[in-house]
Structure formats: C-alpha cells, structure tokens
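# Examination of the molecular architecture
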Amino acid sequence: MSRLQNVFAQLQGKRAALVTFVTGGDPEPALTVPLLHALVEAGADVLEVGIPFSDPMADGPVIQMSHQRALAHGTTMGDVLAMVASFRQQDTRTPVVLMGYVNPVEAMGYAVFARACADAGVDGVILVDLPPEEATEWLAAARRAGVDRVFLLAPTSPPERITRVGEASSGFVYYVALKGVTGAAHLDIADVAKKLAVVRSHLRLPVGVGFGVQDAASARALGEVADAVIVGSALIRRLVAPEGKDAIAGARSFVAGLRAALPPRQ
Amino acid sequence: MTYDLPDARGHFGPYGGQFVAETLMGPLAELISAYETAKDDPDFQAALTRDLHDYVGRPSPLYLAERLTAAAGGARIYLKREDLNHTGAHKINNTLGQGLLAKRMGKTRLIAETGAGQHGVATATVAARLGMRCAVYMGAEDMRRQAPNVRRMRLLGADVVGVTLGSQTLKDAMNEALRDWATTVDDTFYVIGSVSGPHPYPAMVRDFQAIIGREARAQILEREGRLPDAAVACVGGGSNAMGLFYAFLEDQAVDLYGVEAAGEGLATGRHAAPLTAGARPGVLHGTRSYLMYDAHGQILETHSISAGLDYPGVGPEHAWLKDSGRARYVAVGDQQALAAFRALTHLEGILPALESSHALAYAQILARELGREKVIVVSLSGRGDKDVETVAAYEEHH
Ligand SMILES: Cc1ncc(COP(=O)(O)O)c(C=O)c1O
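Residues numbered from 1 in each chain as written. Chains lettered and ligands numbered in written order. Predicted model: local features only at pLDDT ≥ 70, side-chain atom pairs only at ≥ 80, totals over all residues. Heavy atoms only, no water.

## Regarding the overall build of chain B
We apply this condition: Here a strand is any run of E in DSSP of at least two residues, a helix any run of H or I of at least four, and the numbering for each starts at the N terminus. C-alpha atoms define the radius of gyration in this analysis, and the globule rule sets the expected value at 2.2 Å times the number of residues to the power 0.38. When checking whether two residues touch, look at their non-hydrogen atoms; a contact exists if any pair is within 4.5 Å. Note on areas: Shrake-Rupley, 1.4 Å probe, and residue coverage restricted to the protein chains presented here. None of His or the chain ends enter the tally, which takes Lys and Arg as positive and Asp and Glu as negative. Here the site of a charge means NZ on Lys, CZ on Arg, CG on Asp, or CD on Glu.
Within chain B, the regular secondary structure consists of 15 helices and 14 strands. In summary, chain B has a C-alpha radius of gyration of 19 Å against a globular reference of 21 Å for 398 residues, a match within 12%. For the C-alpha atoms alone, the extent of chain B along its principal axes is close to 55 × 50 × 40 Å. Of all intrachain contacts in chain B linking residues separated by at least 6 positions in sequence, the fraction that spans at least 24 positions is 74%. Within the structure as shown, chain B displays about 13,500 Å² of accessible surface, and the carbon and sulfur contribution to it stands at 52%. Charged side chains of chain B number 39 positive and 47 negative; the gap between the two group centres comes to 2 Å.

Shown next as structure tokens:
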C-alpha cells in the first residue's frame, strides 16, 4: 500500500485528512525541512510542496509571491527534491506530494524527474498545467517509477472529463472548489457538496478539496464533505506575517487550529 | 500533400496542445465547438466579411515600395498595408472574429493581454462596437513605453490593468489574463492576440488572420502575373506571419521568412528570438513550442525595443514550420529595426511599427541577395505612431 493509500485508509470513517501546501524554498530554503516537520507535528496528514516557477499562472497573489521568494533564493527543482529527501530521513510515514508547473519537468525530462521523485521519497505529483490529455509520457514515466499521479478537477469539468481524470489519477484527485486561482475567498460549501456528489459518482478515489480554505470555519465546513481539506494561501500568509515573528511558530498554531476544527465522522 | 494541421486535439506534430489548468479545459472545449460551428456558418462568415470590409477597411492595399526597392538595390519590395486597417495594425482582423464569436456565445465581457497595445486597442475597439465590457492586461513596463495606446484603450472604455509582477511585459500580462479568465469564464471571452495559447487559439487566430495572405496572393498575381519569390513577416507570437504565410504554404516556390527580435544581439542573451537562438521546446501559456528558459525550466526575461515582439515563446505552428523546413526564421536587432524604421519613413513617407520594422530590415537584406528579377511581399503589420516616443528616446541615448 502506498503512503497516500495508507493515510486515506486509516482516516476512512474518522475524519477528513488535512493537506498543507508550502512552496519549497519559501520563506527560506533552510526553513523548508523544519517547517515540514512542524506541519506534521501540528496535525498535517499529507504535505504538498510547491516547485517554484517563474510564471505560476493558476495561482493568486499569495502563492505567486511565494514562488518569487523561493526563486529569489535560487531554489531549483533539484533543491526541492533534496529537501524532500532530507525530510524523509526522519519521517518515513507522512506522504509528500510535489505540486508545480510542467515546464521545469519538461526541462528535466519526464523519466528522469519521475525516478528522482521516487529516489527522494516523493509519493505523488500534481502538475497544474498538464491535463491527462497531454500527459501520456508523464503517466508512463510516473507509473514506472511508482509515483502517484494526482490530477485536478474543477467546477467546469463536464462528467465525461471527470471519468477520464479519475482513470488517469492515483492516490487522490484534487477538486478545485471554485472558479479562479488559489487564495480566492468566495467558497460556497453547499455548491461544493453538490459537485462532490457528482464527482464521486464518476470515480472511486479519495477527493481532496482546495482553493478557498481560509480558516478553521471553512476547514470545518469542507471537512464535512471532502476526503481531504487542502490549505495553501492562508498558511503561506502566516509564514510571512506578522513581520519579525517566528514563521514556523505561526504556521504551527494555524495548522493546529485547522486540524482541531475538522469534524469527526461516525 | 495538403496541409491540414493542427490535428483534432490542436497538435502541430509535437507542438501545440492544451497545457492549461483543469478549470479552463471545459471552457476550451466549449470554445472549440462554438468556433467549429461558426466557421461553417455562412451567416457568421458573411457578418465577418462585411465588417472586415466596411469597418476595418479591407482589402488592405499591396503597395510597391519603389524608393525602398531602389535603395535596397534588388528585388521588388511590396508592402502588404495592414497599417492602414482601422486601429492601425493587423490585430483587428482577429479581434473582430473573436468578438463576433464571443457575442454569438452569449458572452458579455472581453479580456485581452497586450504588449505593444495594438491588440489591446483592437480588442477595446471591438468591445465598444459590440457593446461589451472590456479589460486589458498590460505589463507596467509596456504601459510606459506604449503610453499612447494606453490612453486610446481608456478612451474606448476599456479597463487597462497594469501588471507589476515578473518582467512586467507581455508574458506577465498573459499570466494575469489567464487568471482573470479562470475566475470569470461564465460571462467572459478571452481574446488571445497571437497564434499562441492553448488549442483552439493558434488555429483560430491563424484562420482569422489568413485574410492577409489570401488578399496578398491574389493582389500579387494581378500585379506581377506570378507568385512572389519570398514572403517576409515579423514574429512575436507569430500572428501576422501565420496570416501571411498560410495562403502560400502549398506554393513551394514561395520562400517564407519569419523575422524574430534579436534585441541587443543573440550572443548577449538580451533578445526575444526562441526560434533563431537555439531555444528548446517547452511549455508556457497553454502550448508547447520553442521557448526561452534556463537549465531549471524557469522562463527567461526577454528584450526587444518593440514591445510586441518581447515574448519568450512563439506560436506552435511556427515551431512546426521551422522543424519541417517550410519556413525559415532569422533575427534582426534593435538597431537594424530602427534603421529600417527610418528608411521607410524617409523614403516612402510611411511610419512603420517597430515590430514591422524588423520584417522591413530583413526584406532589404533579402532583396539585395535575391537580385532585381525577384519579388518580395512584406507584411507591414502596423503603423508606428505608438512608437514615436520610443524612437526619440533611443536616439537620445545612442
Ligand atoms: C504592429 C504589430 N506587429 C506585430 C506584432 C507581433 O505579433 P504577431 O507576431 O502575433 O503578429 C504586434 C504585437 O503587438 C504588433 O502590434
């Protein structure tokens, strides 16, 4: 059983999984590994680590700035993989999913990247601008390396695409809760619940929901309906503000609050 | 063999495709089906043709530039006068087509990215004409160097949104337009300004611009009684070039030349010439094509004196035409382009856009190489009124 399957199996019937997103190298490369451990201690079940990219077209301002800071520190794909490998020396249980844009992977080569992920202890990869239709080479390389392929679904995905995305995915699928970019504010939980029912009727994998999780209240509401609640921008905002405060401590208390808010299931 | 690219999923060989976030896949599928229906609908085509004639002023003339020809000392140089279109560039051929399509799809808002501002002006113009709301994304650096076009767009009622992230040029404006579209897909149509972006844009924009080459081919046959030896156009994303080339693709005797921006020189790295400078294929803004990026896959900053060519990528069909050898790609630097700008202004009384000046510079070189018996058609893609200040500032500093 993969680490991702394991987490979802253990939480089945208990509560939604908590998935946290930070960008590798942000706010500083040296902080990423300690930050990942702190997120796990605070209650994160799955870690998403962003691969910084010069043109993060699907991201809102908070994550754009996060990519820019990481790049300003010179963070590369190789650095991000090394951070995961370093994290793995102490934590062999928590799944790590890389999330990024496809050009750095094109530059490295799909097969080389997939093998490097497996070697570093990466469990799954989300490539935001690589829909299954364009992913033939990536799917083969990732399957061969034993890395999970996590694809996205959106409110605009028609039913036939939901099936296709489900067939291409493994580990879980990432449902983008709203039309827009990361960090947007207007989440309509009733609408998400309705869409999730449709999504679930077309695929069997766990469904994580992200884009628009702001605070404990929205995490609680999504935790009622999703298999996993994914938080990114709201967490990254805690890493950079307030000025001068310990970034890791801020992230830790925020994530602990989200985790405590996730409702139990019977 | 007839040329029938792209394939059903928008691929030109290994190039093109749909590399976008999931949120846009549904809307793109809708756009493909709306465009396919419109393309075969005589009413849509008739409305477009009528507007191209009465509103844009087509057909644009094919002008024999006699004094430029004499100065170059070789082949006869004909200019396809897209600068005489309403709004002053070829861009309106495309924005009119996409605007009519948007209206037909029931959309009420147009958005666009723009570099030189010509595509932004052409989109704002069509939005005004069709009674639609309009937002144009433009890099802050481009807003500075193409200020007259910013004022024009605002007068036309468009909301011009400055983009201050990244290199503050066309690439960043396109990122921001994609973000807007992902948020507003229900009522908004994204009018992409070149033969770039995800399928169906490269094919659709080419189809709307193909009127340039169709007219030019008929006009040169009438004037010279034969096809030209070469067709030359500048390449930013590549829409005026694809528009000119498309009608000649199967005329193997017509050599096709795309002219990229060599900026301060290919060796300096400060250029915008992915096809000429040995860039590799990569993925940006929804498509796979030649692309300027570093060893880690990060997109490189580009440089050109002309904002409309200042882009690290190029339309996927040009990547295909380069690999297949059907078209050749060359690059012309800032200084050569400025010299051509001055030459056309002094010799013919025509102020060309700095983008088009790149094509003119290469056409003069080619004319000399080919010699007197030959004929060249150059796409004069736009007029240079917007560039007057840039040219003055450059002359002050050099
Ligand atoms: C006059 C003119 N020519 C050319 C271009 C470059 O675009 P393309 O390569 O798509 O024709 C622009 C773009 O702004 C332009 O304004």
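## As for the packing of helix 2 (residues 29–42) of chain A against helix 4 (residues 77–88) of chain A
Residues and elements named next belong to chain A. Worth spelling out the cut-off: Here an axis means a line fitted to C-alpha atoms, over the contact stretch when the element is a helix, while the angle between two N-to-C directions is reported on a 0 to 180 degree scale. Each angle gets one of four labels, with under 35 degrees taken as roughly parallel, over 145 as roughly antiparallel, 65 to 115 as roughly perpendicular, and the rest as oblique. In a left-handed crossing the near helix is turned counterclockwise from the far helix by less than a right angle, and in a right-handed crossing that turn is clockwise. Polar here means any residue outside two lists: the nonpolar Ala, Val, Leu, Ile, Met, Phe, Trp, Tyr, Cys and Pro, and the charged Asp, Glu, Lys and Arg; Gly therefore counts as polar.
Where helix 2 contacts helix 4, the axes come no closer than 10 Å and their chain directions differ by 45°. Here helix 2 is positioned oblique relative to helix 4, judged by the angle of their axes. When the axes of helix 2 and helix 4 are compared, the crossing they make is right-handed. Across from Pro-29, Thr-32, Val-33, Leu-36, His-37 and Val-40 in helix 2, the residues of helix 4 making contact are Met-83, Ser-86 and Phe-87. Per-class residue counts for the contact of helix 2 with helix 4 are six nonpolar, three polar and no charged.

## Some details on the site of the ligand
Residue and element names in this part refer to chain B. To be explicit about the condition: When we say a residue is near a molecule or strand, we mean one of its heavy atoms is within 4 Å of it. Two N or O atoms count as a polar contact when they lie within 3.5 Å, although within protein this holds only if one can serve as hydrogen donor and the other as acceptor, and sequence-adjacent residues are included solely when both atoms are side-chain atoms. Cavity means a closed set of points on a 1 Å grid over the protein atoms alone, one where a 1.4 Å probe fits but cannot get out, pocket means an open set with protein on both sides within 12 Å along at least 5 of 7 lines, and lining means a residue has an atom within 4 Å of a point. Molecules are considered to sit inside a cavity or pocket once more than half of their atoms lie within 2 Å of its grid points.
Contacts to the ligand come from 18 residues, most closely from Ser-194, Gly-236, Gly-238, Ser-239 and Ser-381. Within the backbone of Gly-237, a nitrogen or oxygen atom sits 3.3 Å from an oxygen atom of the ligand. In this structure, a nitrogen atom belonging to the ligand sits 2.6 Å away from a side-chain N or O atom of Ser-381. Here the ligand, which alone exposes 390 Å², has 98% of that area covered by the protein. Cavity membership is defined here by more than half of the atoms lying within 2 Å of grid points; on that basis the ligand lies in the largest cavity. Taken together, the residues of the shell around the ligand sort by class into five nonpolar, 11 polar and two charged.

## A word on the packing of helix 2 of chain A against helix 12 (residues 247–261) of chain A
Residues and elements named next belong to chain A. Following both chains from N to C, one finds helix 2 and helix 12 inclined at 25°, their axes separated by 8 Å at the closest point. Considered as vectors, helix 2 and helix 12 are oriented roughly parallel to each other. Between helix 2 and helix 12 the crossing geometry is right-handed. Along the contact surface, helix 2 presents Leu-31, Pro-34, Leu-35, Ala-38, Leu-39, Glu-41 and Ala-42, while helix 12 presents Ile-248, Ala-251, Arg-252, Val-255, Ala-256 and Arg-259.

## A look at the pairing of strand 8 (residues 207–210) of chain A
Residues and elements named next belong to chain A. Heads up, the rule is: Burial here depends on accessible area, computed with a 1.4 Å probe over protein chains only, as a share of the maximum for the residue type. Under 20% is buried, over 50% is exposed, and the range in between is partly exposed. Strands are treated as partners if at least two bridges between them are detected by DSSP. With the strands aimed away from the viewer, a crossover counts as right-handed if its path from the first strand over the helix to the second runs clockwise.
Here strand 8 shows no split at all, with Val-207 and Val-209 on one side and Gly-208 and Gly-210 on the other all buried. Note: strand 7 (residues 173–176) against strand 8, four bridges, orientation parallel. Looking at the pairing, Val-176 lines up with Gly-210 of strand 8. Following the backbone out of strand 7, through helix 9 (residues 189–202) and into the adjacent parallel strand 8, one traces a crossover that is right-handed. Across two bridges, the pairing between strand 8 and strand 9 (residues 228–231) is parallel. Considered in strand 9, the bridge of Gly-208 is made with Ala-228.

## Some points on the pairing of strand 2 (residues 46–50) of chain A
The two faces of the sheet receive side chains in turn, since in a regular strand these alternate between them. All names here are of chain A. A large share of strand 2 lies buried, amounting to five of its five residues. Examined bridge by bridge, strand 1 (residues 17–23) and strand 2 share five bridges and lie parallel to one another. Each bridged residue has a counterpart across the sheet, and for Thr-20 the counterpart in strand 2 is Leu-47. Crossover connection from strand 1 via helix 2 to parallel strand 2: handedness right-handed.

## A word on the interface of chain A and chain B
Spelled out, the test is: By buried area we mean the combined loss of accessible area, with a 1.4 Å probe, across both parts when two parts are placed together. A carboxyl oxygen of Asp or Glu within 4 Å of a side-chain nitrogen of Lys or Arg is what we treat as a salt bridge.
Each partner contributes residues to the interface: chain A has 37 residues there, and chain B has 38 residues. Of the roughly 2,900 Å² buried at the junction of chain A and chain B (both faces included), carbon and sulfur atoms supply 50%. The salt bridge involving Glu-106 of chain A is made with Arg-288 of chain B; its shortest N-O contact spans 2.3 Å. Elements that contribute at least two residues to the side of chain A that touches chain B include exactly helix 3 (61–72), helix 5 (102–108), strand 6 (152–153) and helix 8 (159–168) of chain A. The element best represented in the side of chain A that touches chain B is helix 5 of chain A, accounting for five residues.

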